[in-house]
Amino acid sequence: MLRRTGAAAAFVVLVVLVGGTPARADEPADLIDPAVAALMVERGLSTAEASRRIGWQGRSADLADAVEATISPDQYGGVWIGTDDDRVTVGVLTAAAPLDAFRSTVTGLAANVGLESAGVNVVPVQHSLTKLVEASDWLADRVTVANEGATAYLTAGGYTTAGNVVRLGVPSAPAVLTPAQQAVVSEAQQRLGGMLNVHAAAGDAQAQACSAHYCDVPLRGGVRFDGTVGCTLGFIGRSRANGRLYAITAGHCLRVPNGTQTTSRFASGPTNHIIGPARNSLLDRRGDAGIIEITNYTGWKPQARVYVTASPAWAGVPGTVRNELYPIRGDSLSRVGLRVCKRGYTAGTSCGRVTELNATVYYTNLRVTVGGLAVANYCARPGDSGGPVFAGSTAFGIHSGGSNSNECLTYYQGIRGAENLMNFNVSSV
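Residues numbered from 1 in each chain as written. Predicted model: local features only at pLDDT ≥ 70, side-chain atom pairs only at ≥ 80, totals over all residues. Heavy atoms only, no water.

**Thoughts on the packing of aromatic side chains**
All told, the structure shown has 4 aromatic pairs when counted by the stated rule. Ring centres of F266 and W300 lie 4.9 Å apart, and the angle between their planes is 75 degrees; on these two criteria the pair is classed as edge-to-face. Here the residue F266 occupies a position in the loop between β14 (261–265) and β15 (272–284), and W300 occupies one in helix α7 (residues 297–300), the gap between them amounting to 34 residues. What makes W300 buried here is its relative accessible area of 1%. Pairing Y326 with F390 gives two aromatic rings, centres 4.9 Å apart and planes at 50 degrees, and the pair type is tilted. Taken as a pair, Y326 in strand β18 (residues 323–327) and F390 in strand β23 (residues 388–391) lie far apart in primary sequence, 64 residues in all. (Phe/Tyr/Trp six-rings, centres within 6.5 Å; stacked < 30°, edge-to-face > 60°. Helix = DSSP H or I, 4+ residues; strand = E, 2+ residues; numbered from the N terminus. Buried < 20%, exposed > 50% of the residue type's maximum accessible area, 1.4 Å probe, protein only.)

Quick look at the structure:
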């Protein structure tokens, strides 16, 4: 089985098997993708135009791979999705060549990956993606140490390719920073200069497990499961080591001894049905991910699908459409500006955009620093932890937490990072 360790790695198409045959269900042909529906409302677009734009972002990973392989690291500023026009945007440093030369190169690469020229933009930036990632990692390390023993917490490490900056969240008054935290802020300002964006943090970050929301078979992402806390199941997949069937979720949902049984219910009754034992979990600076082995596969008949519920517009974020058997056909890396949707058993389905990558936050309710998170503005509540983050039938992540003062400031673990942490691959229909 191939490993997927980065943007340029190969993608493996897997089918979830039950009893030796593919576990599938009829897929309604008239359902609109939730990300498409949300974009239609946000932009006032037709279904066809919204689908076209979501298709652009679906090809952004292929374009990023091609550009990164063609342009030198000190000239490449990253790829993101434009929040004003939904175009896949490539940032370049123009000291070595004029912008038009880069634009011509990128347009040719876009055509090679099936991305029309109307969906591509090339803009100049000051800092390379390599420098942003290095600064992000450095700042995350410094903040992790400085937050120890504090009562208010810095949020750091997130970079935005669209803004071409690394962000540092500082709590507002009356919160008081410790001398160590003050020193980090000063050091970051001196070291990073114009690359640093200091902003007011939007309240404490909290993991969003919860201590109803079930489906009959097949077992799929987006339904509630219970161990010692109530969380949401992420995606179905296979172990890279032994090929066994697993479900992935947030690591903080499985802070239990390995072997602890997890359960869910059918929609038709209150009886708990075993899914299988917790096998591994992680919650630290590397990320937030955990896996459950699905041993009761004859009872659950799991599929690589997500239970997506309809939801009204909420907190300025457009609503979504219902699809009880939403198919997952692949996975990908996240990009700034990417439109994604989250399904959680508490707050349901909500869509928003990715605003930062590689953020490091301190979860006050668990008293732990968690790194490698994407920041988004979909909405979530406690109980949504572990839920799938997706768009265009592509898995992008698993929901992790959010701000305690803003339900639509949220954090998720990128799926590629989670797969590598858990030695697991998301399966596809």
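**Some thoughts on the environment of N420**
Following the sequence through the fold, N420 ends up in helix α8 (residues 415–422). On a C-alpha basis, the gap between N420 and R240 in space is 9.5 Å, while along the polypeptide they are 180 residues apart.

**A word on the nonpolar core**
Ranked by size, the top nonpolar core spans 83 residues in total, and within it L63, L139, L168, F235 and I248 carry the most contacts. Ranked by residue count, the leading element in this core is helix α5 (residues 129–146), at 7 residues. Beyond its immediate stretch of four places on either side in the chain, I248 contacts L233, G234, F235, G290, I291, G386, I398, I415, A418, M422 and F424. V223, I236, L245 and I294 belong to the second largest nonpolar core, which has 19 residues in total. (Core = buried A, V, L, I, M, F, W, Y, C linked by side-chain atoms within 4.5 Å. Contact = heavy atoms within 4.5 Å.)

**Focus: helix α4 (residues 99–112)**
For α4, spanning 14 residues, the distance from its first C-alpha to its last is 20 Å, which sits close to the expected 20 Å at 1.5 Å a residue. Every buried residue belonging to α4 is among F102, V106, L109 and A110, and all of these are buried. All buried residues of α4 fall inside an arc of 100 degrees around its axis, so they share one side. Exposed and facing more than 90 degrees away from the buried side of α4 are D100, S104, A111 and N112. Buried-residue contacts for α4 involve α3 (60–70), β4 (88–92) and β5 (120–124). (Expected span 1.5 Å × (residues − 1). Arc of directions from axis to C-beta.)

**Overview of the packing of helix α1 (residues 34–43) against helix α2 (residues 47–58)**
Between α1 and α2, whose axes approach to 9 Å, the crossing angle comes to 115 degrees. Note on packing geometry: the crossing formed by α1 with α2 is right-handed. Facing A35, V36, L39, M40 and R43 of α1, the residues of α2 in contact are T47, A50, S51, R53 and I54. (Axes fitted to C-alpha atoms, helices over the stretch in contact; angles between N-to-C directions. Left-handed = near helix turned anticlockwise from the far one by under 90°.)

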